[in-house]
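What follows is each chain in one-letter form.
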Amino acid sequence: MASLSYHSSATLAPTKKFRSAPNASLISCRVNYKENGKPSGQILINEQESFPNFLTSKQFERTPIRKDEKRLRIFSGTANPLLSEEVACYMGLDLGKIDIKRFADGEIYVQLRESVRGCDVYLVQPTCPPANENLMELLIMIDACRRASAKTITAVIPYFGYARADRKTQGRESIAAKLVANLITEAGADRVLACDLHSGQSMGYFDIPVDHVHGQPVILDYLASKTIKTDDLVVVSPDVGGVARARAFAKKLSDAPLAIVDKRRHGHNVAEVMNLIGDVKGKVAVMVDDMIDTAGTISKGAALLHHEGAREVYACTTHAVFSPPAIERLSSGLFQEVIITNTIPVAEKNYFPQLTVLSVANLLGESIWRVHDDYPGGFEHFSGLGID
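Residues numbered from 1 in each chain as written. Predicted model: local features only at pLDDT ≥ 70, side-chain atom pairs only at ≥ 80, totals over all residues. Heavy atoms only, no water.

Another point: the overall build of the chain. Looking only at helices and strands, the chain features nine helices and 17 strands. Across the chain, every contact between residues at least 6 apart in sequence was considered, and the portion connecting residues at least 24 apart equals 65%. Working note: accessible area of the chain is about 17200 Å², and carbon and sulfur atoms make up 49% of it. (Helix = DSSP H or I, 4+ residues; strand = E, 2+ residues; numbered from the N terminus. Contact = heavy atoms within 4.5 Å. Areas by Shrake-Rupley, 256 points an atom, 1.4 Å probe, with all protein chains shown as cover.)

This is the structure in structure tokens:
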């Protein structure tokens, strides 16, 4: 049996690098994580730290600066301020000053507390639950920047809410993903930077450029630190719709074999597992999905994998929506480890021993630099970062 050597969620501390000035030496930025993966908010600086494998290649070194970095501004909404701080730390910048308030009747007030005239502005705001509140806040932030004469406005959306409503599955349904894309565009955004959209077709709903960043490199780098033998590993897609995602994930894990859980859905947030396509007996199964909502799909899939003889089951996902009863299902003992990223903030009550939280701040920060620098590299240069 292959032995597993890995960082527990109590000690996990994702590493980021940032540049404090043009062409400055690289410095690492480490966010300290407490028990059960809970972030302490303390940011430690260490110039001798090593960086994740996918950020150490020479091909990812920044080209000489062609723009005035003083014209770059990053503002954070209220949805995920800790991630915004990590992104700013990686980039060696301070978050812009902004006032965001709620009136007694629930209306949102936004005021920029510094000038953005002629600046390239980046607004970090996932539209996670409460989706409508955070979406409206993003729209008002965009409008405030537009009226303050910002040169360009980029909406950095780590988690794009309403992405699952990307097509009509029945008659007389709305396509909310297209509606939200129109709202963001009409509000005044010039570009969108999104992380792991539910489906690639959502990029086509925008009439402005979309940079699509994948969270796979962060999770893959973490899995690579484990001592799982290649022959013991199998990547599992929890449904037929995620086969392409799982296949790409498996290819980067030494071309691991692929298995598919066939399920039939009888209603929203209700899933029923039918059977398994592939062999998992005696293997370590890694289930890959873009998000976990109620955890019905992935937990029933894990139960099926154990029934079919899987030795251990890992769950890997970018977006942890964690709607009830997700925590009860994920902490029930079906999973050896549940690996997520911090695109969505996890409430303190939702932490459990098997949970591991990885940071995507380095991916978002590097992507912002490349957009700001008009980086000329082709797709091959972006593949390690997972940028479409």
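The N-to-C vectors of helix H4 (residues 216-224) and helix H5 (residues 243-252) enclose an angle of 45 degrees; their axes lie 11 Å apart at closest approach. In terms of axis orientation, H4 runs oblique to H5. Judged by the twist between their axes, the crossing of H4 over H5 is right-handed. Every residue of H5 that contacts H4 at Gln216, Ile219, Leu220 and Leu223 is listed here: Arg245, Ala248, Phe249 and Lys252. (Axes fitted to C-alpha atoms, helices over the stretch in contact; angles between N-to-C directions. Parallel < 35°, antiparallel > 145°, perpendicular 65-115°, else oblique. Left-handed = near helix turned anticlockwise from the far one by under 90°.)

A large share of strand S7 (residues 120-124) lies buried, amounting to five of its five residues. Burial of the side chains of S7 extends over both faces: Asp120, Tyr122 and Val124 are buried on one face and Val121 and Leu123 on the other. Two elements, strand S4 (residues 72-76) and S7, share five bridges in a ladder whose sense is parallel. Residue Ser76 lies in a different strand from S7, and its bridge partner there is Val124. Note that S7 and strand S8 (residues 152-157) share five bridges and pair parallel. Paired with Val124 across the bridge in S8 is Val156. Remark: the S7/helix H2 (residues 131-147)/S8 crossover connection has right-handed handedness. (Buried < 20%, exposed > 50% of the residue type's maximum accessible area, 1.4 Å probe, protein only. Pairing = 2+ DSSP bridges. Right-handed = clockwise from strand over helix to strand, strands pointing away.)

Here the focus is helix H1 (residues 81-91). Across the 11 residues that make up H1, a large majority, eight, are buried. Looking only at H1, the buried set comprises Leu83, Ser84, Glu86, Val87, Ala88, Cys89, Tyr90 and Met91. Once H1 finishes, Gly92 follows within two positions and takes phi at roughly 70 degrees, a positive value.

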